[in-house]
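Descriptive analysis of the structure
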Amino acid sequence: MAGAEGFVEADNAEAIMIRIEHKTRKIESLLKQYKPVEALRTALEGTHAMTRDERCKSAHWIVVHRALMAIKDVDGMLSSLDSEYYDILMKYLYKGLSTGDRPTCEQCLRIHEKLTERAGFGCILRQKLAFQGTALPMYCKRDGLFPQHMQRSYFSM
Amino acid sequence: MAAISVHQFAPCITCHAWSPDKSMVAFCPNNNEVHIYKLFEDKWEKVHTLQKHDQIISGIDWSTRTNRIVTASQDRNSYVWNLEGSEWVPTLVILRLNRAALCVQWSPKENKFAVGSGAKTVCVCYYEQENNWWVSKLIRKRHDSSVTSVSWHPNNILLATTSTDGKCRVFSTLIKGVDSKESNGSTSSYSKFGELIIQLDLSLSWAFGVKWSPSGNTLAYVGHNSMIYFVDDVGPSPLAQNVACRDLPLRDVLFVSERMVIGVGFDCTPMVFAADDRGIWSFVRYLGEKKETSSGSKYGSQFSEAFGKFYGQSKHGMNNDSVESSKIRGGVHENCINCIMPLGECGTLIRRFSTSGLDGRVVIWDLEGQQDLLDYM
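Residues numbered from 1 in each chain as written. Chains lettered and ligands numbered in written order. Predicted model: local features only at pLDDT ≥ 70, side-chain atom pairs only at ≥ 80, totals over all residues. Heavy atoms only, no water.

Chain B goes by Actin-related protein 2/3 complex subunit in an unreviewed UniProt entry, where it is assigned to Acacia crassicarpa. Under the UniProt heading Sequence similarities (unreviewed entry), the entry covering chain B gives this text: "Belongs to the WD repeat ARPC1 family." Check the Subunit (unreviewed entry) section of the UniProt entry for chain B; it says "Component of the Arp2/3 complex composed of ARP2, ARP3, ARPC1/p41-ARC, ARPC2/p34-ARC, ARPC3/p21-ARC, ARPC4/p20-ARC and ARPC5/p16-ARC." (UniProt positions renumbered as here; feature names shortened; annotations may be inferred.)

As recorded in an unreviewed UniProt entry, chain A goes by Actin-related protein 2/3 complex subunit 5 and comes from Acacia crassicarpa. Under Subunit (unreviewed entry), UniProt gives the following word-for-word description of chain A: "Component of the Arp2/3 complex composed of ARP2, ARP3, ARPC1/p41-ARC, ARPC2/p34-ARC, ARPC3/p21-ARC, ARPC4/p20-ARC and ARPC5/p16-ARC." Recorded in UniProt under Sequence similarities (unreviewed entry), the annotation for chain A is "Belongs to the ARPC5 family."

On to the overall build of chain B, then. Scanning chain B from N- to C-terminus turns up three helices and 28 strands. Expressed as a percentage of its 377 residues, the buried residues of chain B come to 59%. Roughly 15600 Å² of accessible area belongs to chain B as shown, and the carbon and sulfur atoms make up 47% of that amount. (Helix = DSSP H or I, 4+ residues; strand = E, 2+ residues; numbered from the N terminus. Buried < 20%, exposed > 50% of the residue type's maximum accessible area, 1.4 Å probe, protein only. Areas by Shrake-Rupley, 256 points an atom, 1.4 Å probe, with all protein chains shown as cover.)

Residue and element names in this part refer to chain B. Counting buried positions along strand β12 (residues 122–128) gives six out of seven residues, so the element sits mostly inside the fold. Connecting the antiparallel pair strand β11 (residues 112–117) and β12 is a turn made up of four residues, with K120 showing a positive phi of about 60°. For β12 and strand β13 (residues 133–139), the ladder comprises seven bridges, and the chain directions are antiparallel. The partner of Y126 across the bridge, within β13, is V135. Connecting the antiparallel pair β12 and β13 is a turn made up of four residues, with N132 showing a positive phi of about 55°. (Pairing = 2+ DSSP bridges.)

Residue and element names in this part refer to chain A. Mean pLDDT over chain A stands at 76; residues scoring 70 or higher make up 71%. Looking over chain A, one finds the lowest element-wise mean pLDDT in helix α1 (residues 13–32), namely 85, and the highest in helix α6 (residues 102–119), namely 92. Throughout residues 1–9 the model reports pLDDT below 50, and contacts reaching past four residues in sequence, or to other chains, amount to 22 contacts. Segment residues 149–157 is flagged for pLDDT under 50; beyond a separation of four residues in sequence, or across chains, it makes 25 contacts in the model. (pLDDT = per-residue confidence, 0-100. Contact = heavy atoms within 4.5 Å.)

Before going further, it helps to examine α6 of chain A. Residue and element names in this part refer to chain A. Taking 1.5 Å per residue as the helical rise, α6 with its 18 residues ought to reach 26 Å, and the 25 Å between its terminal C-alpha atoms agrees with that figure. Taken residue by residue, α6 has T104, C105, Q107, C108, I111, H112, E113, L115, T116 and A119 as its buried positions. G120, located one to two residues past α6, shows a positive phi value of around 90°. (Expected span 1.5 Å × (residues − 1).)

This part takes up the UniProt feature "domain: Anaphase-promoting complex subunit 4-like WD40" (unreviewed entry) in chain B. The sites that carry the UniProt feature "domain: Anaphase-promoting complex subunit 4-like WD40" (unreviewed entry) are, in the present numbering, residues 17–106 of chain B. Here residues 17–106 of chain B runs as 0% helix and 62% strand, with 11 Å between its end C-alpha atoms.

Residues and elements named next belong to chain B. Sites flagged by UniProt as "repeat: WD" (unreviewed entry) map to residues 50–91 and 140–172. Helix and strand shares over residues 50–91 are 0% and 62% respectively, and the end C-alpha atoms of the span are 12 Å apart. The straight-line gap between the two end C-alpha atoms of residues 140–172 is 13 Å; of that span, 0% is helix and 52% is strand.

Residues and elements named next belong to chain A. As a packed pair, helix α3 (residues 54–69) and helix α5 (residues 86–99) sit with axes 11 Å apart at the nearest point and diverge in direction by 90°. Compared by their axis directions, α3 and α5 come out roughly perpendicular. Between α3 and α5, the contacting residues are H60, W61, V64 and L68 on the first element and L89, Y92, L93, K95, G96 and T99 on the second. The residue inventory of the contact of α3 with α5, partitioned by class, reads six nonpolar, three polar and one charged. (Axes fitted to C-alpha atoms, helices over the stretch in contact; angles between N-to-C directions. Parallel < 35°, antiparallel > 145°, perpendicular 65-115°, else oblique. Nonpolar A, V, L, I, M, F, W, Y, C, P; charged D, E, K, R; others polar.)

On to the nonpolar core. L40, L44, L68, M77, L89, L93 and L115 of chain A are the most contacted members of the largest nonpolar core, which totals 42 residues. Mapped onto this core, the elements with two or more residues apiece are α1, α2 (36–44), α3, α4 (74–80), α5, α6 and α7 (121–125) of chain A. Those residues in contact with M77 of chain A that lie beyond four places of it in its chain are V37, L40, I71, L89 and I111 of chain A. Core analysis: the second largest hydrophobic core is formed by 28 residues, M24, C28, W44 and C339 of chain B among them. (Core = buried A, V, L, I, M, F, W, Y, C linked by side-chain atoms within 4.5 Å.)

All names here are of chain B. Per the counting criterion, the structure on display carries 19 aromatic pairs over all chains. Plain terms: the ring middles of F113 and W134 are 5.4 Å apart, the flat faces sit at 55° to each other, and that makes the pair tilted. Here the residue F113 occupies a position in strand β11, and W134 occupies one in strand β13, the gap between them amounting to 21 residues. Of the two residues examined, F113 and W134, each falls in the buried class. Relative to F273, the ring of F230 has its centre 6.1 Å away and its plane inclined at 55°; by these criteria the two rings are tilted. Residue F230 is found in strand β20 (residues 227–232), and its partner F273 is found in strand β24 (residues 271–275); the two are separated by 43 residues along the sequence. Three or more aromatic residues joined by ring pairs make a cluster, and in this case those are F230, F255, F273, W281, F283 and Y286. One Lys or Arg, K137, reaches over the ring of F193 and ends 4.6 Å from the middle of that ring. Over the ring of F208 we find R251; its NZ or CZ atom is 4.2 Å from the centre of that ring. (Phe/Tyr/Trp six-rings, centres within 6.5 Å; stacked < 30°, edge-to-face > 60°. Lys NZ or Arg CZ within 6 Å of the ring centre and 35° of its normal.)

Here we take up the domain arrangement of chain B. All names here are of chain B. Here chain B is partitioned into domain 1 (1–20 + 217–377) and domain 2 (52–165 + 167–200). Across the contact, 14 residues belong to domain 1 and 16 residues belong to domain 2. Taking both sides of the interface into account, the surface hidden between domain 1 and domain 2 amounts to around 1200 Å²; carbon and sulfur atoms contribute 77%. On the domain 1 side of the contact with domain 2, C15, P20 and Y221 bury the most area, a combined 39% of that side's loss. Between the two partners, domain 1 and domain 2, sit zero salt bridges. (Domains from an automatic or database assignment. Buried area = accessible area lost by both parts, 1.4 Å probe. Salt bridge = Lys/Arg side-chain N within 4 Å of Asp/Glu carboxyl O.)

And the structure:
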């Protein structure tokens, strides 16, 4: 049951890089055919298999970023994207937001708004960033959801 | 309406428990006391105040057969209260903790109780007749962080724990002299006290609220990343299922039958989860109204303001209406629900249960009128 949380022991990094290259070509061709949603789906597929290799992570991000920036109709895209992809998409939106690059952030923010409406807060909370304490979204700091005192004296974290 | 009675007892409640005949409720109003209220006709009146702890009481359990109350507090102590005449008399239990006690539960046979703590340990306490006191045995190893919740398996020996290290663990708490040898020899297979039977590493975030199903075959617990985990056939080859929640995380769960679980948490309304014929668990629905205004600001004005700033528009609007409407609508609970207790016999179908939360309310729910849910049970 390698859900979005499972660390599947992926193949070696080389195999992943080759897969990503294939993906890149496929995505470029889909984009030329004006099929941005399929391109995004292709980009997001297979990123389940979490890898610790930094090169692979970067390569995944480049591919997803390419597909994300090509999306014009956000509502349409989300309507045709299966809900199983919501958590992964949200992960990459936060990755995009953390780059600080203006066009990327604008696009990610635009998609984030719609995705949150569809997927709910749970989707945001499932992102690991929530526990780094730094990039915690303001609207998650309510009603003791991540209480400060839980990190003080009588709790050991 | 599933909620049959709502009562505001205090500004905030940390935990609650019911007397054996369910006529009295004991809770901690977010201070160092336990208040016991009894229902006289239509009014709740305070009948006892238990004052002994120095800090907030984080867990209360009231045993049904022996009528004892056990309290666990952030002052690192636990007391067992016995009713003598009309007074509740406390007995200090020396837990040997150097951090807060966070949760407590009587074992099914009520001869032991378990306390989870911020000291990364679990204390299993039993009564020693000769010395007339409660002895605490510690499970020191294994936990990497605070133990947030404990739950006893029906066999009185296995104990499940959840921790802020994200893991759920099952231990044996076999104590010589307390747990007599069963004739079917099953206890001999749970070797020694403190042995880790299974460790479930399903969550990447804090884990809370573990409970066993009535038969002891299934475990359910929640993760702070809005997930709920169901584990069948707890043993050498368990079957785990992750169910993602749409909204805010849960804090506690309750099995109302072998196939139905009620989850409560930051959404302020109980959520129903059920397993279908194939044993696949999924979210069914909310019980009662979810606190939502219509299409505009979905999550209440506090969020719509935050969202407005985040997205740089006032699209969701500084809707003053939404402040009013969410108050008028007044969901049953107005703040996080952190405790859910059954109001029926354990082990049988539970139709009624109660919830208490940070809003200081205790709400009693009845599934009797929810036909679609009764079909699952």
